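Architecture and fold: a report
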Amino acid sequence: MQQLETDKVYLRALEPDDLDFIYQIENDLSLWEVSNTQTPYSRFLIHQYLENAHQDIYEAKQLRLVICSFETGKTVGLIDLFDFDPKNERAGVGIVIQDNEDRNQGIGTDALSLVISYVQEHLFLKQLYANIAVGNIASERLFYKFGFELIGIKKAWTRVGKDYVDEAMYQLIF
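Let me begin by describing the structure that accompanies this report. Keep in mind that what you see is a predicted model, and the values were worked out from it rather than measured. (Residues numbered from 1 in each chain as written. Predicted model: local features only at pLDDT ≥ 70, side-chain atom pairs only at ≥ 80, totals over all residues. Heavy atoms only, no water.)

**Some words on helix α6 (residues 137–145)**
The line we're drawing: Remark: exposure states derive from per-residue accessible area (1.4 Å probe, protein chains only) relative to the maximum for the residue type, with buried under 20%, exposed over 50%, and partly exposed in between. Helix numbers and strand numbers start at the N terminus; a helix is a DSSP run of H or I with at least 4 residues, a strand a run of E with at least 2. Read the arc as the range of directions from the helix axis to the C-beta atoms. Should any heavy atoms of two residues lie within 4.5 Å, those residues are considered in contact.
Turning to α6, its buried residues number three or more, namely S139, E140, L142 and F143. The buried residues of α6 occupy one face: seen down the axis, they fall within an arc of 165°. Of the exposed residues in α6, those oriented more than 90 degrees away from the buried face are A138, R141 and K145. Lining the buried residues of α6 we find β5 (90–97), α5 (107–121), β6 (127–133) and β8 (163–173). Backbone geometry just after α6 places G147 at a positive phi near 95°.

So this is what it looks like as structure tokens:
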């Protein structure tokens, strides 16, 4: 895959060297709510996942890209396409920026912009959708910025501890 970049970030495919970074993200309890994770991942399982990351999106039905910062030179997050449906020309999109210090720096904006261009120019999708916990203001703002529209609320959709939270579905039709 050709490297996708702006002056601030670049997106790249997963590499074997990403094991520690993926391990940290997948085992960060504060992110489990947004990733629907319920159990920790071992380094062994993540290693196996990385070994199969070479599958293209048509085979795996998903694509995970690493977000890297030109300014700091570090890996800062992930952006995923999931539920890829070439027949209906759509996919889900999700993004996570690992550290608070890297948030609100325009990194997510640049990464999402690159992915939107990529799905239009290379995958020929008609639409993207995102599932966002109600109250996640930063994510709501990010997706609104690109024209995603709120199309519905899934009530008591995600269990967080003993409580249930609503999840909003946003859609962008090109």
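**Focus: the nonpolar core**
Spelled out, the test is: Among buried residues, those of type Ala, Val, Leu, Ile, Met, Phe, Trp, Tyr and Cys that are joined through side-chain atoms within 4.5 Å constitute a nonpolar core.
Ranked by size, the top nonpolar core spans 33 residues in total, and within it L11, I67, I79, L81, V93, L128 and F148 carry the most contacts. If you list the elements that add at least two residues to this core, you get β2 (9–13), β3 (63–69), β4 (75–85), β5, α5, β6, α6 and β8. Sorting elements by how many residues they give to this core places α5 first, with 8 residues. Ranked by size, the runner-up nonpolar core spans 13 residues in total, among them L19, L50, V66 and V96.

**With respect to helix α1 (residues 19–26)**
Residues three or four positions apart in an α-helix share a direction because the helix packs 3.6 residues into each turn. All of the buried residues along α1 are L19, F21, I22, I25 and E26. Seen along its axis, α1 keeps its buried residues to an arc of 165°; they face one direction.

**So, the sheet that holds strand β1 (residues 4–5)**
The pairing of strands in a sheet comes from backbone hydrogen bonds and takes either a parallel or an antiparallel form. Which entries qualify depends on this criterion: Any two strands with at least two DSSP bridges between them are considered paired. Fitted lines through C-alpha atoms give the axes, limited to the stretch in contact for helices. The angle between two N-to-C directions lies from 0 to 180 degrees.
Strand order in the open sheet formed by 8 strands is β1-β2-β3-β4-β5-β6-β8-β7, and the pairing between neighbours is mixed. Where the open sheet ends on each side, the last strands, each with one partner, are β1 and β7 (149–160). Inspection of the sheet shows β2 paired to β3 by 5 bridges, in the antiparallel sense. Following the sheet pairing, R12 is matched in β3 by V66. Against the sheet, α1 touches β3, β4 and β5, its axis set at about 75° to β4. Where α6 meets the sheet, its contacts fall on β5, β6, β7 and β8, and the angle it forms with β6 comes to roughly 165°.

**Topic: the pattern of salt bridges**
Definition in use: Just to be clear on terms, a salt bridge is a Lys or Arg side-chain nitrogen sitting within 4 Å of an Asp or Glu carboxyl oxygen.
Summed over the entire model, instances satisfying the criterion amount to 10 salt bridges. Residue D102 is joined to K74 by a salt bridge in which the shortest nitrogen-to-oxygen separation is 3.1 Å. Taken together, the residues span a long stretch of sequence, with D102 in the loop between β5 and α5 and K74 in the loop between β3 and β4 at a distance of 28 residues. The exposure class of K74 is partly exposed, given its relative accessible area of 25%. The partner of D166 in a salt bridge is K155, with the nearest N and O atoms 3.8 Å apart. One end of the pair, D166, is in strand β8; the other, K155, is in strand β7, with 11 residues separating them in the sequence. Put simply, K74, D99, E101 and D102 are held in one network by salt bridges that share partners.

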